[in-house]
Amino acid sequence: ECSSSSIHTPFCCCAGQRRFGSAQAGCGMAVARRAAVALILACAGVPADAGDAAVTPLQKVLSLLGDMSSKGKASKHEEEVEFAKFQQFCVGTREATTKSIDEASGHIEQLSADVAKGEADAEELATEISELEASVAQQEAELETATELRAKERADYSSAHKDLSESVDAVERAIAVLKSREADVPASLMQVQDMAGLPREAKAAIRSFLALASGDEDAPKANAYESQSGGIVGMLENLLIKFQDQKLTLEKEEMNGKANFEMLAQKLSDNIKDSKRRTSEKTATKAQKLEDAAVAKGDLSTTQAGKAEDEKKLADTLTSCQSRSQEFEKNQVLRAEEIKAIEQAMEILGSDEVSGAADEHLPALLQLGSKRGTALVQLRGAESPEDAQKREHLIAFLKGRASSIGSRYLSLLATHAHADPFGKIKQMVKELIVKLMEEANGEADQKAYCDTELAKNKQTRDNKQSEVEELSAGVDKHEAESAQLTLQLAELSDALGELRKEQAEATELRSTEKATNTAAIQDAKTAQVAVERATKVLKDFYGKADEASFIQGSAGIGQEMSEASKEPYTGMQSERGGIVGFLEVILSDFARLETETTTAEDKAQAAYEKFMDESGEDIAVKETESSHKADKKQEVDATTGSLKKELALTQEELSAALEYFEKLKPECVDNGLSYADRVRMREEEIQSLQEALQILDQQDMA
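All values reported here derive from a predicted model rather than from experimental measurement.

J.: Help me understand the overall build of the protein in this model?
T.: Each helix and strand counted, the protein has 13 helices and zero strands in total. Mapped in sequence order, the helices and strands of the protein form the string α-α-α-α-α-α-α-α-α-α-α-α-α. Going through the 702 residues of the protein one by one, you find that 35% of them count as buried. A sequence separation of at least 24 residues applies to 84% of the contacts in the protein between residues at least 6 apart. With an accessible surface of roughly 41200 Å², the protein has 55% of that area assigned to carbon and sulfur atoms.

Written as structure tokens, this is what we have:
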């Protein structure tokens with residue numbers, strides 16, 4: 001160690017520079033040589049203590065240099081271990097920060113795409129909402145117009161139906177009065193004559209009949225009255241049929257108009273309801289899209305800020321690590337040069353040029369008289385009692401120390417001390433000291449190598465084990481996600497199959513129903529035409545018969561009187577009313593069948609089209625979702641395969657690191673004594689040898 005009194009020696013200056021962190025390269029080989037010479041001279045000029053009197057200056061220098069070499073190697077190793085830890089920190093920080101930056105870049109790209117897509121979707125939805133609102137306004141206006149038109153048609157129908165109903169009632173009462181020959185025939189005919197829509201010929205006939213009825217009621221006129229009343233009854237019956245036909249036609253038109261309006265109103269109402277529903281859904285979707293875009297913008301800002309912080313952290317870390325690495329390299333070069341200089345100095349001092357001269361001359365300065373006495377005794381070939389006692393003391397000391405610390409070197413030396421001369425024993429002690437110091441230096445180098453390799457191997461094993469666990473977790477996660485996507489795809493496929501099956505069933509049912517309704521409508525139209533033809537045939541026949549009778553009745557009073565005795569045949573007028581009535585009911589039933597079937601067909605077709613549109617839209621959505629999930633599953637499976645390959649490679653690297661660790665164990669892992677115990681034991685051996693050397697030096701002095 002450098003004391004305050006020797007800190008200015010060349011070696012201590014070098015050590016002080018190392019101690020205080022100087023990285024200058026001034027302590028080289030020349031300094032080491034000067035240090036060795038200066039220490040020899042300094043130690044030779046310093047009086048020895050009682051305990052160090054037997055230690056030569058050269059031995060003291062070699063011991064100090066050995067300690068310096070050991071401490072230098074230990075310091076160099078400690079710095080290597082510390083730098084390995086720091087380098088591990090740098091690598092870990094760099095990898096983690098780089099990974100975080102890469103992930104942030106991916107997130108920024110995805111979030112930017114999400115923001116753009118959300119805003120674009122919201123804009124597209126806004127356009128669709130505007131179109132739907134315009135469509136709703138147009139359909140509501142159409143419904144309002146149709147409702148107003150229907151109200152007007154209903155009012156016109158009510159007025160016309162009322163007039164026709166009153167006309168039918170008046171004609172029926174007139175016919176009943178004429179047939180019963182009651183006194184109020186003129187009043188009834190006057191009411192009929194004033195009806196709107198009465199033919200001119202009928203009005204003329206009624207006026208003629210009323211004129212005849214207002215005259216004297218002698219026998220000829222009575223007969224003429226009786227004859228003409230029959231014609232009036234026939235004419236009124238024809239009028240009744242005509243008014244009933246007009247009323248039936250009016251009712252049919254009203255029923256058709258009402259059905260058409262209800263169908264149109266239902267269709268417009270359904271369209272308005274569906275458009276409002278879609279508007280509401282699209283409005284909610286638009287709001288969700290805008291909310292998602294806003295959230296994505298917030299996440300984007302946060303991610304960008306985090307990425308900037310990570311980039312700054314990475315730059316600072318790289319700068320710090322590079323600076324520390326450069327400093328470490330310089331320190332390692334300086335430490336290696338220092339250790340090399342010390343070892344070269346020890347090699348020089350241990351050479352025959354220095355060691356031999358020191359053994360020959362330096363101890364002689366102190367022990368010349370002792371050597372001469374010893375030489376005389378040895379020349380006599382006998383050992384004095386004092387030497388024998390000292391030899392026993394040396395042997396006992398060596399055996400005791402060998403037993404206490406378990407040293408085979410001390411035990412071997414004690415064996416040789418029984419018979420060998422003191423000079424040979426001293427040489428053996430010196431050689432053992434040098435050997436133990438060399439072993440210490442070699443073991444220090446081995447310890448540095450082992451610590452470095454074990455630290456690197458542990459770091460590699462820990463990193464690879466962490467990567468294996470992380471990759472295994474990633475593989476499990478992606479396999480679970482793939483299984484979930486497979487299940488979802490199966491569910492979507494089943495749902496699509498069910499929807500297509502329902503569409504096929506609905507189409508088949510609609511086709512059957514349409515064919516049935518079309519046939520029913522065609523049958524109703526054909527039946528109406530046939531019934532109208534039959535009714536027309538009967539009405540034409542009986543109408544001609546009534547006109548012939550009426551013309552004959554109005555030809556003149558004289559002719560009537562002359563032909564009063566024979567009445568013309570006008571057909572079965574009494575039965576025709578019932579037949580025509582039945583035909584009109586049948587015609588009305590067929591008309592109602594046509595209208596109701598047409599309305600039902602239109603409603604069924606509208607419901608079918610609505611179902612097909614909704615189910616088609618649902619199918620399109622599910623197909624799109626299925627396509628997206630299939631693409632996602634393919635991407636997940638590809639990622640899983642990549643992770644498995646990376647996992648296999650990482651597992652191989654981990655296995656290689658474990659194998660290398662097993663190779664390091666025999667030479668680097670302590671199985672018995674620890675490194676500290678071996679150092680302590682070796683120091684005790686060197687100390688014991690130095691004490692033995694002191695005993696031998698005292699023998700020489702004696």
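J.: I'm lost on the side chain of Glu 594 in this one. Help?
T.: By secondary structure assignment, the location of Glu 594 is in helix 12 (residues 573-668). Lys 525 provides the closest opposite charge to the buried, salt-bridge-free Glu 594, at an N-O distance of 4.2 Å. Sequence-distant contacts of Glu 594, defined by excluding residues within four places in its chain, comprise Ile 521, Ala 524, Lys 525 and Gln 528.

J.: How should I be thinking about the state of the cysteines in this particular structure?
T.: Disulfide: a covalent bond connecting the sulfur atoms of a pair of cysteines. The final tally for this structure, using the stated rule, is one disulfide. Paired through a disulfide, Cys 90 and Cys 321 show a sulfur-sulfur distance of 1.9 Å. Its S-S torsion of about -95 degrees marks the bond between Cys 90 and Cys 321 as left-handed, since a negative value means left-handed. Here Cys 90 is found in helix 3 (residues 57-180), whereas its partner Cys 321 is found in helix 6 (residues 219-349), with 231 residues between them in sequence. Accessibility expressed as a relative area gives 5% for Cys 90, which makes it buried. Exposure remark for Cys 321: the relative accessible area of 13% places this residue in the buried category.

J.: I tried to follow the side chain of Ser 69 on my own but got confused; where do I start?
T.: Topologically, Ser 69 is positioned in helix 3. Judged by relative accessible area, which is 0%, Ser 69 ranks as buried.

J.: Where do I start with the pattern of salt bridges in this structure?
T.: One side chain can pair with another of opposite charge once the charged atoms of both are near each other. Going through the model one piece at a time under the given rule, you end up with 31 salt bridges. Note that Glu 79 is salt-bridged to Arg 335, the shortest N-O span being 2.6 Å. Of this pair, Glu 79 sits in helix 3 while Arg 335 sits in helix 6; the two residues are 256 residues apart in sequence, bridging distant segments of the chain. Like Arg 335, Glu 79 is buried. Salt bridges sharing partners connect three or more residues here, namely Arg 150, Glu 153, Arg 154 and Glu 254.

J.: Explain the confidence of the model for the protein to me, please; I cannot follow it from the model alone.
T.: Interpretation of the predicted coordinates at a detailed level should be avoided for regions scoring low in pLDDT. The pLDDT averaged across the protein works out to 75; a share of 69% of its residues lies at or above 70. Considering only residues more than four positions removed or in separate chains, one finds that residues 216-227, a stretch of pLDDT under 50, has eleven contacts. Long-range and interchain partners of residues 363-381, a stretch whose pLDDT sits below 50, account for 18 contacts in this model, where long-range means more than four residues apart.

J.: Can you walk me through the packing of aromatic side chains in this structure?
T.: Taken as a whole and judged by the stated rule, the model has two aromatic pairs. An angle of 5 degrees between the planes, with centres 3.9 Å apart, marks the rings of Phe 83 and Phe 328 as stacked. Taken together, the positions of Phe 83 in helix 3 and Phe 328 in helix 6 put the pair 245 residues apart, joining distant regions of the chain. In this structure Phe 83 comes out as buried when scored by relative accessible area, which is 10%. Sitting over the ring of Phe 86, Arg 324 keeps its end group 4.5 Å from the ring centre. It is Arg 461 that lies over the ring of Phe 661; its NZ or CZ is 4.1 Å from the centre.

J.: When you look at the nonpolar core in this model, what are you seeing that I'm missing?
T.: Across soluble globular proteins, nonpolar side chains have a tendency to be buried as a group. If you look at the biggest cluster of nonpolar residues, it comprises 25 residues, and the most contacted ones within it are Leu 65, Met 346, Leu 398, Leu 410, Ile 433 and Leu 689. Where this core is concerned, the elements lending two or more residues are helix 3, helix 6, helix 8 (385-405), helix 9 (408-416), helix 10 (422-553) and helix 13 (675-701). In this structure, Leu 65 is in contact with Ile 342, Ala 345, Met 346 and Leu 349, ignoring residues within four places of it in sequence. Membership of the second largest hydrophobic core comes to 13 residues, among which are Val 168, Ile 175, Leu 239 and Leu 250.

J.: I would appreciate a short explanation of a negative patch on the surface in the present structure.
T.: Taken together, the side chains of Glu 491, Asp 494, Glu 498, Glu 502, Glu 505 and Glu 508 present a region of like negative charge at the surface. Within the secondary structure layout, Glu 498 lies in helix 10.

J.: Explanation requested: the environment of Ala 504 in the structure shown.
T.: Considering the arrangement of structural elements, one finds Ala 504 in helix 10. With relative accessibility at 45%, the residue Ala 504 sits in the partly exposed group. C-alpha separation for the pair Ala 504 and Met 612, spaced 108 residues apart in sequence, amounts to 9.9 Å.

J.: Could you clarify how one ought to interpret the environment of Val 531 in this entry?
T.: Following the sequence through the fold, Val 531 ends up in helix 10. By relative accessible area, which is 10% here, Val 531 ends up buried. Along the backbone, Val 531 and Ser 588 are 57 residues apart, and their C-alpha atoms lie at a distance of 9.9 Å. Apart from the residues lying within four places of it in its own chain, the contact partners of Val 531 are Leu 583, Ile 586, Leu 587 and Phe 590.

What counts and what doesn't
- Residues numbered from 1 in each chain as written.
- Predicted model: local features only at pLDDT ≥ 70, side-chain atom pairs only at ≥ 80, totals over all residues.
- Heavy atoms only, no water.
- Helix = DSSP H or I, 4+ residues; strand = E, 2+ residues; numbered from the N terminus.
- Buried < 20%, exposed > 50% of the residue type's maximum accessible area, 1.4 Å probe, protein only.
- Contact = heavy atoms within 4.5 Å.
- Areas by Shrake-Rupley, 256 points an atom, 1.4 Å probe, with all protein chains shown as cover.
- Lys, Arg positive; Asp, Glu negative; His and termini not counted.
- Salt bridge = Lys/Arg side-chain N within 4 Å of Asp/Glu carboxyl O.
- Disulfide = S-S within 2.5 Å.
- pLDDT = per-residue confidence, 0-100.
- Phe/Tyr/Trp six-rings, centres within 6.5 Å; stacked < 30°, edge-to-face > 60°.
- Lys NZ or Arg CZ within 6 Å of the ring centre and 35° of its normal.
- Core = buried A, V, L, I, M, F, W, Y, C linked by side-chain atoms within 4.5 Å.
- Patch = residues over 30% accessible without salt bridge, like charges linked within 9 Å, V, L, I, M, F, W, Y side chains within 5 Å.
- Charge placed at Lys NZ, Arg CZ, Asp CG, Glu CD.

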